[in-house]
Amino acid sequence: MTFLLVLLSIVLRTGDAAAHQKSVSYSFWSLEGERVRVTARVTKLDLARLGGFSDLESEAGRDEAGRYLRSALELRAGGRPCRAVGEPRLVPSDANRLAYEWELRCESPGPLGLRCLLFAGVASAHLHFARVVRDGRREEHVFTGDSREWKIGNGESRPEKPSFLRYLTFGLEHILRGYDHLAFLLALLLIPQTLSQVAKTVTGFTLGHSATLALAALGWVRPESRAVEALIGFSVVLVSAENAWVFSGRPRAFSLGATLAVGSASVPGLVGLGHIPAASLVGLALFTFCYFEGMARSSGLRDARWVVAALFGLVHGFGFGAVLAEADLAPSEFLRALFAFNLGVEAGQLGVVLLVWPCLRGLVFGEGGVARVARAVGCGLVGGLGAFWFASRAYG
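Quick caveat, the model's predicted, so the values are computed rather than measured.

Trainee: Looking at this structure, how should I read unusual backbone geometry?
Mentor: The phi dihedral of phenylalanine 119 falls on the positive side, at around 55°, and the residue is not glycine. Within the element layout of this structure, phenylalanine 119 appears in the loop between strand E7 (112-116) and strand E8 (127-134). By relative accessible area, which is 1% here, phenylalanine 119 ends up buried.

Structure below.
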């Protein structure tokens, strides 16, 4: 198992950028005649991981990142690029993001088009939300890895807006490329369950993440994004550890060992390292102890799985909601987008469950040697993934 985890960590060092599914950036384009004012923002994490900018705390590094954004977001008029006026200027933003402003001159007549090449060839899951305001008309578009060009509507055409189907597709892609969410679902399903218990588990996860998805998308609750990402990894580790505990006979000493393991993660935080306060990590250790002690006293472990799924679904919902929270959608579009996006997430989640659960019944839920090996490897690999995500997001 040690060999498997080491090998997995080596592989993920190169694949981690592509696996990070919540890669989102935004731009606002204000057109007044030939003059165009652009504001764009992107997370420092995406710039470092996907763009290769390692020194974003220095002035030179931030200037280089601004020039990259300007070159990757290209406005064309009549088929010719609009001319840049001056250099991109850094504008105030929160601690996790960089925001820039710059000006363009579109001196050629003809239709307008926008091209987005941000992280092209590096992160196919990256989403870029663009909004154009011209003559009082607002038009919006979402760029994906498969859609890099947008022909901006002229004054006689209807503004192009992402449709219900488009947001549904975003939600579907988000869950299918959200490997941490899928790993959590897989961990929940590794314990032998009946079809009705699986339905309860999936429903619990749905209720949990739907609630916080709406809260985050509405902007009512906005937790620190790095902490949310780390907690999603922690949820994968904890459920995988619980699976291993069940398969090994539910030893009473397990809760103490798991608590010490989680508590050790707080040591770097005590000296100011990482992105999560040490007190929060100590709280996770206490939660882990109470969790396993409570499960040790529970006779209906499988029936309690839906509660576990719902609780951790609350954390995962903040990860889902981050995509819509900063899109700043028009009020008339927000509810439609939220419903379509969540529906896409649920459709993808249900499809994965319907595909995976029958395979698990035949491979993992038996009593033979093959089933025991499959359970051990499954718990180890999924738990190793969760540990990698937690450590890299909390301290990376």
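Trainee: Help me out: how do you make sense of empty space enclosed by the protein in this one?
Mentor: The rolling of a water-molecule-sized probe over the atoms marks out the regions of remaining empty space. All told, the structure shown has two cavities of 30 Å³ or more when counted by the stated rule. One number sums up the size of the second largest cavity: a volume of about 30 Å³. Along the walls of the second largest cavity sit Trp245, Pro251, Arg252, Phe254, Ser255, Phe292, Glu293 and Ala296, which together make up its complete lining. Within the residue set of the lining of the second largest cavity, elements represented by two or more residues are helix H8 (254-264) and helix H10 (278-296). A total of three residues in the lining of the second largest cavity trace back to one element, the largest contributor, which is H10. Residue composition of the lining of the second largest cavity, by class: five nonpolar, one polar and two charged.

Trainee: Quick question: what am I supposed to make of the pattern of salt bridges here?
Mentor: It is possible for side chains of opposite charge to pair when their charged atoms get near one another. Following the criterion strictly, the structure yields 13 salt bridges and no others. Among the salt bridges present, the one from arginine 35 reaches glutamate 103, with a minimum N-O distance of 3.3 Å. Of this pair, arginine 35 sits in strand E2 (residues 35-43) while glutamate 103 sits in strand E6 (residues 97-105), and the two are 68 residues apart along the sequence. Overall, the relative accessible area of 30% leaves arginine 35 in the partly exposed class.

Trainee: What exactly am I supposed to notice about the state of the cysteines here?
Mentor: Disulfides are covalent bonds that link the sulfur atoms of two cysteine residues. In this structure the tally under the stated criterion is one disulfide. Residue cysteine 82 pairs covalently with cysteine 106 via a disulfide, S to S 2.0 Å. The chirality of the disulfide connecting cysteine 82 with cysteine 106 is right-handed, given an S-S dihedral of about 105°. Here cysteine 82 is found in the loop between strand E4 (80-81) and strand E5 (83-91), whereas its partner cysteine 106 is found in the loop between E6 and E7, with 24 residues between them in sequence. The class for cysteine 106 is buried, based on a relative accessible area of 10%.

Trainee: Even after reading the chapter, I still don't get the pairing of E8, so can you show me in this structure?
Mentor: Looking along a regular strand, one sees side chains alternate from face to face of the sheet. Buried residues dominate E8, accounting for six of its eight residues. If you look at the hairpin formed by E8 and strand E9 (residues 137-143), you'll find two residues sitting between the two strands, and aspartate 135 has a positive phi there, around 55°.

Trainee: Explain the packing of helix H7 (residues 225-247) against helix H13 (residues 369-395) to me, please; I cannot follow it from the model alone.
Mentor: Relative orientation and spacing of two packed helices are given, respectively, by the angle between their axes and the distance between those axes. Two numbers describe how H7 lies on H13: the axes approach to 8 Å, and their chain directions differ by 155°. Here H7 lies roughly antiparallel to H13, going by the angle between them. Once H7 is placed against H13, the crossing between them reads as left-handed. Residues Arg226, Glu229, Ala230, Ile232, Gly233, Phe234, Val236, Val237, Ser240, Asn243, Ala244 and Phe247 of H7 lie in contact with H13, whose contacting residues are Arg375, Cys379, Val382, Gly383, Gly386, Ala387, Trp389, Phe390, Arg393 and Ala394.

Trainee: Looking at this model, I keep getting lost on H10. Mind explaining?
Mentor: Structurally, the α-helix is built with 3.6 residues per turn, so residues lying three or four positions apart point the same way. Here H10 contains 19 residues, and its C-alpha end-to-end distance of 27 Å stays within 8% of the 27 Å for a straight helix at 1.5 Å per residue. Every buried residue of H10 is listed here: Ala278, Leu281, Leu284, Ala285, Thr288, Tyr291, Phe292, Glu293 and Met295.

Trainee: Please clarify how a nonpolar patch on the surface should be interpreted in this entry.
Mentor: Where nonpolar side chains cluster on the molecular surface, the patch consists of Trp306, Val307, Leu311 and Leu314 and spans about 340 Å² of accessible area. Position of tryptophan 306 among the secondary structure elements: in helix H11 (residues 305-325). For tryptophan 306, a relative accessible area of 38% puts it in the partly exposed group.

Trainee: What exactly am I supposed to notice about the confidence of the model for the protein here?
Mentor: Looking at the protein, the pLDDT average stands at 81 and 88% of residues meet or exceed 70. In the model, residues 1-21 has pLDDT below 50 throughout and makes 31 contacts with residues more than four positions away in sequence or in other chains. The model gives residues 154-160 a pLDDT under 50, and that stretch makes 13 contacts with residues more than four places away or in other chains.

Trainee: Whenever I open this one, the packing of aromatic side chains confuses me. Can you help?
Mentor: The description of an aromatic ring pair rests on the distance of the ring centres and on the angle between the ring planes. For the structure shown, the criterion picks out 12 aromatic pairs. Judged by centre distance (5.9 Å) and plane angle (75°), the ring pair of phenylalanine 184 and phenylalanine 312 falls under edge-to-face. Note that phenylalanine 184 is positioned in helix H5 (residues 179-189) and phenylalanine 312 in helix H11, a separation of 128 residues in sequence. Assessed through its relative accessible area of 0%, phenylalanine 184 is described here as buried. Arranged with centres 5.5 Å apart and planes meeting at 80°, the rings of tryptophan 245 and phenylalanine 292 form a pair that is edge-to-face. Taken together, the residues span a long stretch of sequence, with tryptophan 245 in helix H7 and phenylalanine 292 in helix H10 at a distance of 47 residues. Assigned by exposure class, tryptophan 245 and phenylalanine 292 land together as buried. The structure contains a cluster of three or more aromatic residues connected by ring pairs, namely Phe184, Phe205, Trp245, Phe254, Phe287, Tyr291, Phe292 and Phe312. Between the NZ or CZ atom of arginine 41 and the centre of the ring of tyrosine 26, over which it lies, the distance is 4.5 Å.

Calculation rules
Residues numbered from 1 in each chain as written. Predicted model: local features only at pLDDT ≥ 70, side-chain atom pairs only at ≥ 80, totals over all residues. Heavy atoms only, no water. Helix = DSSP H or I, 4+ residues; strand = E, 2+ residues; numbered from the N terminus. Buried < 20%, exposed > 50% of the residue type's maximum accessible area, 1.4 Å probe, protein only. 1 Å grid on protein atoms, 1.4 Å probe; cavity = no way out; pocket = protein on both sides within 12 Å on 5 of 7 lines; lining within 4 Å. Points joined across faces, edges and corners; volume = space filled by probe spheres on them. Nonpolar A, V, L, I, M, F, W, Y, C, P; charged D, E, K, R; others polar. Salt bridge = Lys/Arg side-chain N within 4 Å of Asp/Glu carboxyl O. Disulfide = S-S within 2.5 Å. Pairing = 2+ DSSP bridges. Axes fitted to C-alpha atoms, helices over the stretch in contact; angles between N-to-C directions. Parallel < 35°, antiparallel > 145°, perpendicular 65-115°, else oblique. Left-handed = near helix turned anticlockwise from the far one by under 90°. Contact = heavy atoms within 4.5 Å. Expected span 1.5 Å × (residues − 1). Patch = residues over 30% accessible without salt bridge, like charges linked within 9 Å, V, L, I, M, F, W, Y side chains within 5 Å. Areas by Shrake-Rupley, 256 points an atom, 1.4 Å probe, with all protein chains shown as cover. pLDDT = per-residue confidence, 0-100. Phe/Tyr/Trp six-rings, centres within 6.5 Å; stacked < 30°, edge-to-face > 60°. Lys NZ or Arg CZ within 6 Å of the ring centre and 35° of its normal.

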